Amino acid sequence: MAVLAGCAQSTTGTAAPESESTPGLERFYDQELSWGPCADYATSDMDRSAFAADTFECARLEVPLDYAQPDGETAQVAVLRQKATGDKVGSLLFNPGGPGASGMSLVASLAGSLATSPLSQRFDLVGFDPRGVGASTPTIDCLNDAEWEAERADLDVDPSPAGVEQTEAENRQYAQQCTERSGGADVLANVGTRDVVRDLDILREALGDEKLNYVGYSYGTRIGSAYAEAFPENVRALVLDGALDPTQTTVERTVAQNAGFQQAFEAYAADCAKQPNCPLGTDPAQATAAFQALTRPLIDAPIPAEGGARTLSYPDAVTGTIQALYLEELWPVLSRGISGLASGDGTILLRLADIYNDRAQDGTYGNSIEAFVVISCVDEERITDRAEQAELIRRANEAAPFRDDGRGVVAALDPCAFWPAPPTSEPHIPQVEGLPPTLTISVTGDPATPYQAGVDLAEALGGSLLSVEGNQHTAALQGNACIDDIVNAYLIDLQLPAEGASCTL
């Protein structure tokens, strides 16, 4: 499932939305947040440093664990805020995607670059960790640090019946550990997008906003579009960047995303071929074969990394490469990593894989990838037939041959097939009557959320599309004046770009 990070369907299920008028929810909508220092909310060394700034304040929002039982157990959503410095429009909420990434960390990291932006003057910048993620509780937990290291070295490349049985046994155990360590099946049943958008509406009210202003990246576009469907009357402005396609099934979207990463790999290879000493050679048409020749031997013989303190496995070599394909600025780092691989040093690719897997320098792991799996299991269509699973893997390998291990299709069911709770969402075109104009941004060379997905989501929402020429995953508020000026004008003044508007990275 690793290549799926940042992906999920873009709409929630068909259950009726909750609101402040729903019996039992009044106390949640009426709550006042108790703001204070953010130090106790940090879950990583980077957060501990960033959250220390006195411009941030943090609080916990109380929400029902199960919206069908509002008088039952509760969950706590962690929230970080930097207050507006000028004439305030309202709060601007952010989600970075995943599913499983921290919105608190995103806002803390964005605040510096937005210090002189009109957004910092006109909005309280607000990041939240969705239920189960980061500093929110109950926290999703499936693996301890030692188990994480073993998981990353686990190959699962044996397509024989015995190999399939072993892989399924591991996936069944993974589902069981997630259940036991995260607080039980009731927790896992209620961490999906269906419940996050309900939390988001309570947060909007607790922040004192009549309408929601929201920027969602990648999977965060799913939260935004699902909110638009559930609460269209409560929307003021939605920026959805790196969209997920509402017209595709889980299988279709998985294959399309693999094709997107192959496109990004080929774009990288073409650029690399122009550079001196490209580790994949001077013929881009042979780059996939060259990459396979370098990485596939790791299946039988991992190589040293970090001076022999660790080793680079085949899964980590592929994962580290995928991490670098998210952003064109990382292509030179990827070239150095592949060159290191060719010379027997896996350090750079391993460290790229560490970033992807949320591993800190001290060997501890955050829960973003675990949350990704857990949330996906209730947000995605579930495959319980091995023949269907085999066909999906075959199509994915065909779409992205650079990451094909060459050992054949392992038709093992993934952890979601053994999940203790049913899915709570399903793919469908969002029904958004009464929704104000929205802004979707799509990058032509986005590896994780292909460009057409943004076109389709903008059409489904009846909103505007900003096309961006470039090779990276998402683009808003990252320093490009063309893009950021359009985003600022929309968020502050609700001014939409002209039809056919485009920018270049």
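Since the model is a prediction, treat every value here as computed from it, not as a measurement.

Procedures and definitions
- Residues numbered from 1 in each chain as written.
- Predicted model: local features only at pLDDT ≥ 70, side-chain atom pairs only at ≥ 80, totals over all residues.
- Heavy atoms only, no water.
- Helix = DSSP H or I, 4+ residues; strand = E, 2+ residues; numbered from the N terminus.
- Rg over C-alpha atoms; globule rule 2.2 N^0.38 Å.
- Buried < 20%, exposed > 50% of the residue type's maximum accessible area, 1.4 Å probe, protein only.
- Areas by Shrake-Rupley, 256 points an atom, 1.4 Å probe, with all protein chains shown as cover.
- Lys, Arg positive; Asp, Glu negative; His and termini not counted.
- Charge placed at Lys NZ, Arg CZ, Asp CG, Glu CD.
- Core = buried A, V, L, I, M, F, W, Y, C linked by side-chain atoms within 4.5 Å.
- Contact = heavy atoms within 4.5 Å.
- Pairing = 2+ DSSP bridges.
- Axes fitted to C-alpha atoms, helices over the stretch in contact; angles between N-to-C directions.

Draft legend 1. The overall build of the protein, seen in detail. The secondary structure content of the protein amounts to 18 helices and 11 strands. Taken against the 2.2 N^0.38 rule, which gives 23 Å for 505 residues, the C-alpha radius of gyration of the protein at 22 Å falls within 12% of a compact globule. Sorting the 505 residues of the protein into buried and exposed places 58% on the buried side. Split by element, the accessible area of the protein, about 19400 Å² in all, is 49% carbon and sulfur. Averaging the positions of the 30 positive and the 74 negative side-chain charges in the protein gives two centres separated by 2 Å.

Draft legend 2. Fine view of the environment of Ala498. Structurally, Ala498 is set in the loop between helix 18 (481–493) and strand 11 (502–504). Placed 33 residues apart in sequence, Ala498 and Leu465 show a C-alpha to C-alpha distance of 9.2 Å.

Draft legend 3. Up close: the nonpolar core. Core analysis: the biggest nonpolar cluster contains 98 residues, and Leu61, Leu93, Phe128, Tyr214, Tyr268, Leu325 and Trp419 have the highest contact counts within it. Excluding anything up to four places from it in sequence, Leu61 contacts Gln31, Leu33, Ala75, Gln76, Val77, Val79, Asp199, Ile202, Leu203 and Ala206. Listed in part, the 41 residues of the second largest apolar core include Met104, Val215, Val239 and Leu477.

Draft legend 4. Seen up close, the sheet that holds strand 6 (residues 235–241). The sheet built from 9 strands is open, its strands ordered 1-2-4-3-5-6-9-10-11 with mixed pairing. With one partner strand each, in any of the chains shown, strand 1 (56–64) and strand 11 form the two edges of the open sheet. In this sheet, adjacent strand axes meet at a mean angle of 20° when their direction is disregarded. The sheet contact formed by strand 9 (residues 439–443) and strand 10 (residues 464–469) spans 5 bridges and is parallel. Considered in strand 10, the bridge of Val443 is made with Val468. The sheet contacts of helix 18 involve strand 3 (90–95), strand 4 (123–128), strand 5 (212–217), strand 6, strand 9, strand 10 and strand 11, and relative to strand 6 the element is tilted by about 160°.

Shape is all these values report; function is a separate question.
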